[in-house]
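# Structural features, examined
Listed here are the chains, written in short residue letters.
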Amino acid sequence: MADDGLVLAARLADAEREKVPLAELLAHADRLSANVACYVAAAVQDARAEGTGWAAVARAAGVSVETARVRWNERKVKRLLARRDQRRPAPLKRTEPPRSAPGGASPQSPVPEGAGAVGARRQLAAALSDLQRTSSVSLQEAARQAELSASYVSRVLAGSRLPAWPVVYMLGTIFGGSAGDLKFLWERAQGVCPPVRQSVAGAATRLQSALRGLYLAAGRPDLRRLAKEGGASLTAETVREVLNGDLIPDWWTVEELVVRMGGDAASIRPLWEDLHYAFLTSRDVFPQGGLPRSDLPGTEAGTGDVGTPS
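Criteria and cut-off values
- Residues numbered from 1 in each chain as written.
- Predicted model: local features only at pLDDT ≥ 70, side-chain atom pairs only at ≥ 80, totals over all residues.
- Heavy atoms only, no water.
- Salt bridge = Lys/Arg side-chain N within 4 Å of Asp/Glu carboxyl O.
- Helix = DSSP H or I, 4+ residues; strand = E, 2+ residues; numbered from the N terminus.
- Buried < 20%, exposed > 50% of the residue type's maximum accessible area, 1.4 Å probe, protein only.
- Contact = heavy atoms within 4.5 Å.
- Arc of directions from axis to C-beta.
- Core = buried A, V, L, I, M, F, W, Y, C linked by side-chain atoms within 4.5 Å.
- Phe/Tyr/Trp six-rings, centres within 6.5 Å; stacked < 30°, edge-to-face > 60°.

### Re the pattern of salt bridges
Here the structure, examined in full by the defined rule, presents 9 salt bridges. Between Asp130 and Arg133 there is a salt bridge, with its nearest N and O atoms 3.7 Å apart. Highlighted residues: Asp130 and Arg133, both in helix H6 (residues 117–134), separated by 3 residues, approximately one helical turn. Residue classification places Arg133 among the exposed positions, given a relative accessible area of 57%. In this structure, Glu141 engages Arg144 in a salt bridge whose closest nitrogen and oxygen atoms are separated by 2.6 Å. In this pair, Glu141 and Arg144 are both assigned in helix H7 (residues 139–146), 3 residues apart and thus about one turn of the helix distant. Ionic contacts of the salt-bridge type, sharing partners, join the residues Asp130, Arg133 and Arg220 into one network.

### Remarks on the environment of Val137
Locating Val137 in the fold gives a position in the loop between H6 and H7. Overall, Val137 belongs to the buried group, its relative accessible area being 14%. Taking the C-alpha atoms as reference points, Val137 and Phe175, separated by 38 residues in sequence, lie 6.4 Å from one another. In this structure Val137 touches Gln132, Ala142, Ile174 and Phe175, once residues within four positions along its chain are discounted.

### A word on helix H8 (residues 150–158)
Turning to H8, its buried residues number three or more, namely Val153, Val156 and Leu157. Looking straight down H8, one finds its buried side chains confined to an arc of 95°; they lie on one side. Note on H8: the residue one or two positions beyond its end, Gly159, has a positive phi of about 85°.

### Quick word on the nonpolar core
In this structure, Leu171, Phe175, Leu182, Leu211 and Ile268 are the most contacted members of the largest nonpolar core, which totals 53 residues. Here Phe175 is in contact with Leu128, Leu131, Gln132, Ser135, Val137, Ala142 and Leu157, once residues within four sequence places are set aside. Ranked by size, the runner-up nonpolar core spans 11 residues in total, among them Val44, Trp54, Trp72 and Leu81.

### Notes on the packing of aromatic side chains
Going through the model one piece at a time under the given rule, you end up with 3 aromatic pairs. Between Trp165 and Trp186, the ring centres sit 5.7 Å apart and the planes meet at 50°, which makes this aromatic pair tilted. Taken together, the residues Trp165 in helix H9 (residues 165–174) and Trp186 in helix H10 (residues 180–190) connect sequence positions 21 residues apart. Overall, Trp165 belongs to the buried group, its relative accessible area being 19%. Residue classification places Trp186 among the buried positions, given a relative accessible area of 12%. Both rings, one in Trp251 and one in Trp272, keep their centres 6.3 Å apart while their planes meet at 55°; by these two values the pair is tilted.

Okay, structure coming up:
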């Protein structure tokens, strides 16, 4: 039920961003509210099955003992959950990336799976799985080092569990990756908002880490293929410089690259705008084509390493 709540909340958030009619928004909200009510009833049922008395239930819920007994009696809860099982939300379907049209033209891209918390959770799992596959650390060994159960780590890598940030940090580090590259995906999945304004260097690091996280989630695709499928301004060398942290790209390059990696450009836009704002207040208009990181005050190039284009 908690997982279904993630799906329903993501659909409500997407509907709000798409500015759908009020009736549709309220329908999404009603489904989310009904799922929460079922979750509360099931949680009380579980607690009762484990021996929790009605007085403790009433204290936890902030109601009287009599109200708790009436609201969550066993027969009523069973009927509620039976009705709920008949209208569970269908799983979100994965959207296949578009193929290039004849003659090199690219068809319009469908809405990517990454548009929402559920898609971000799957991308986080894909990024962690990619790090694990390319490392020499087995799932069992990672679980031992992180002091977690192997089954839990397996569910995290499968995308069926959303771990706390310390777990993501530990697993990313154990698998030999940079935990910072995973933070944007984790924050999107959790609905965490980053600081409103940052320094130029901080904003640049955050943007480039987010792009490397999407690259991991996409399975580290060949750089030449990414460049070939992108626009005229996207070359294999440009992609390599961006992912290695040597070049801070302009927005058009960011947008092309994110779409080609199967990400949601709209979710990345605030990170680039934070960088642009910080740059405007400290320097000048952000240059078309991007900016070498070495030109930013107090920064160092080469924060990542994706190698040379193959």
